[in-house]
Amino acid sequence: MQHFDERLTAPGFWWFCAAMLGVVCGLTLLPMGLLPALVGLVVGGALALLGVSSYGAVRIRVVAGRLLAGSAGIPVEALGEARALNREEAAAWRSHKADPRAFMVLRAYVPTAVRIEIVDPQDPTPYVYLSSRRPNRLVSALEAARSEAAHEGGGSETGAQASAGGTASQGS
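Residues numbered from 1 in each chain as written. Predicted model: local features only at pLDDT ≥ 70, side-chain atom pairs only at ≥ 80, totals over all residues. Heavy atoms only, no water.

## Quick look at unusual backbone geometry
Of note, Ala64 is a non-glycine position whose phi angle comes to about 50°, a positive value. Relative to the helices and strands, Ala64 is located in the loop between strand S2 (59–63) and strand S3 (66–69). (Helix = DSSP H or I, 4+ residues; strand = E, 2+ residues; numbered from the N terminus.)

As structure tokens, this is what we get:
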């Protein structure tokens with residue numbers, strides 16, 4: 001059963017800037033002729049739009065007793081307290097309070113986030129930081145998945161085995 005699904009899409013202004021980058025590429029090549037300008041417009045715009053699309057393609061999901069965020073897949077049994085962070089708290093946890101061992105799916109254009117403790121003693125990752133536009137819904141989904149997993153008896157995979165590296169440098 002799927003409890004939560006969010007895609008951290010890039011803001012509209014980024015799409016506009018990517019399209020304008022294509023226009024700039026076309027204008028830059030205009031002195032070479034109309035054909036190179038059109039190629040520059042199409043290729044430059046396509047590459048810029050592809051970059052924005054791929055950066056905004058990261059998803060956060062709670063499904064089948066697992067938290068799937070970026071490159072990590074963590075069973076809910078390995079997760080401790082999940083806490084929704086407002087704008088100020090999220091800014092603090094992604095700057096001066098941040099732990100370099102944390103796994104982070106960080107998008108600066110998303111002002112709110114969720115901080116989730118890792119309770120697996122074998123996992124060196126202290127917590128997971130996830131940018132989210134709907135942090136309260138994510139926390140509720142994690143609680144529902146955790147109680148559902150407790151009723152089913154849970155899985156045998158540990159957070160250390162399931163997380164994808166577990167370091168902030170590998171976060172999306």
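So that's the structure; there's more coming.
## Let's talk about helix H2 (residues 34–55)
Every α-helix carries 3.6 residues per turn, so stepping three or four residues along brings you back to the same face. With 22 residues, H2 extends 31 Å from end C-alpha to end C-alpha; this agrees with the ideal 32 Å at 1.5 Å per step. Of all the residues in H2, the buried ones are Ala37, Gly40, Gly44, Gly45, Ala48 and Val52. Burial along H2 is one-sided: seen end-on, the buried residues are contained in an arc of 110°. Looking at H2, the residues exposed on the side facing more than 90 degrees away from the buried face are Leu35, Val42, Leu47, Leu50 and Ser54. (Expected span 1.5 Å × (residues − 1). Buried < 20%, exposed > 50% of the residue type's maximum accessible area, 1.4 Å probe, protein only. Arc of directions from axis to C-beta.)

## Here's the deal with the packing of helix H1 (residues 12–29) against H2
At their nearest, the axes of H1 and H2 sit 7 Å apart, and the two run at 155° to each other. Overall, the two elements H1 and H2 adopt an arrangement that is roughly antiparallel. For the pair H1 and H2, the crossing hand works out as right-handed. Here Trp14, Trp15, Ala18, Ala19, Leu21, Gly22, Val23, Cys25, Gly26 and Leu29 of H1 lie close against H2, whose contacting residues are Pro36, Ala37, Gly40, Leu41, Gly44, Gly45, Ala48, Leu49, Val52, Ser53 and Tyr55. Split by residue class, the contact of H1 with H2 holds 15 nonpolar, six polar and no charged. (Axes fitted to C-alpha atoms, helices over the stretch in contact; angles between N-to-C directions. Parallel < 35°, antiparallel > 145°, perpendicular 65-115°, else oblique. Left-handed = near helix turned anticlockwise from the far one by under 90°. Contact = heavy atoms within 4.5 Å. Nonpolar A, V, L, I, M, F, W, Y, C, P; charged D, E, K, R; others polar.)

## Describing the sheet that holds strand S7 (residues 113–118)
The sheet built from four strands is open, its strands ordered S5-S7-S8-S6 with mixed pairing. Bordering the open sheet on either side are strand S5 (79–85) and strand S6 (103–105), each of which pairs with just one other strand. The mean angle between the axes of side-by-side strands here comes to 15°, regardless of whether they run parallel or antiparallel. Across the sheet, helix H4 (residues 135–152) is in contact with S5, S7 and strand S8 (127–131); its angle to S5 comes to roughly 160°. (Pairing = 2+ DSSP bridges.)

## Overview of the confidence of the model for the protein
For the protein, per-residue confidence averages 86 on the pLDDT scale, and 87% of positions sit at 70 or higher. Ignoring residues within four places in sequence, the model shows residues 154–172, a span with pLDDT below 50, making 54 contacts including any to other chains. (pLDDT = per-residue confidence, 0-100.)

## Thoughts on the pairing of S2
For S2 and S3, the ladder comprises four bridges, and the chain directions are antiparallel. Along S3, the bridge assignment pairs Val62 with Leu67. Connecting the antiparallel pair S2 and S3 is a turn made up of two residues, with Ala64 showing a positive phi of about 50°.

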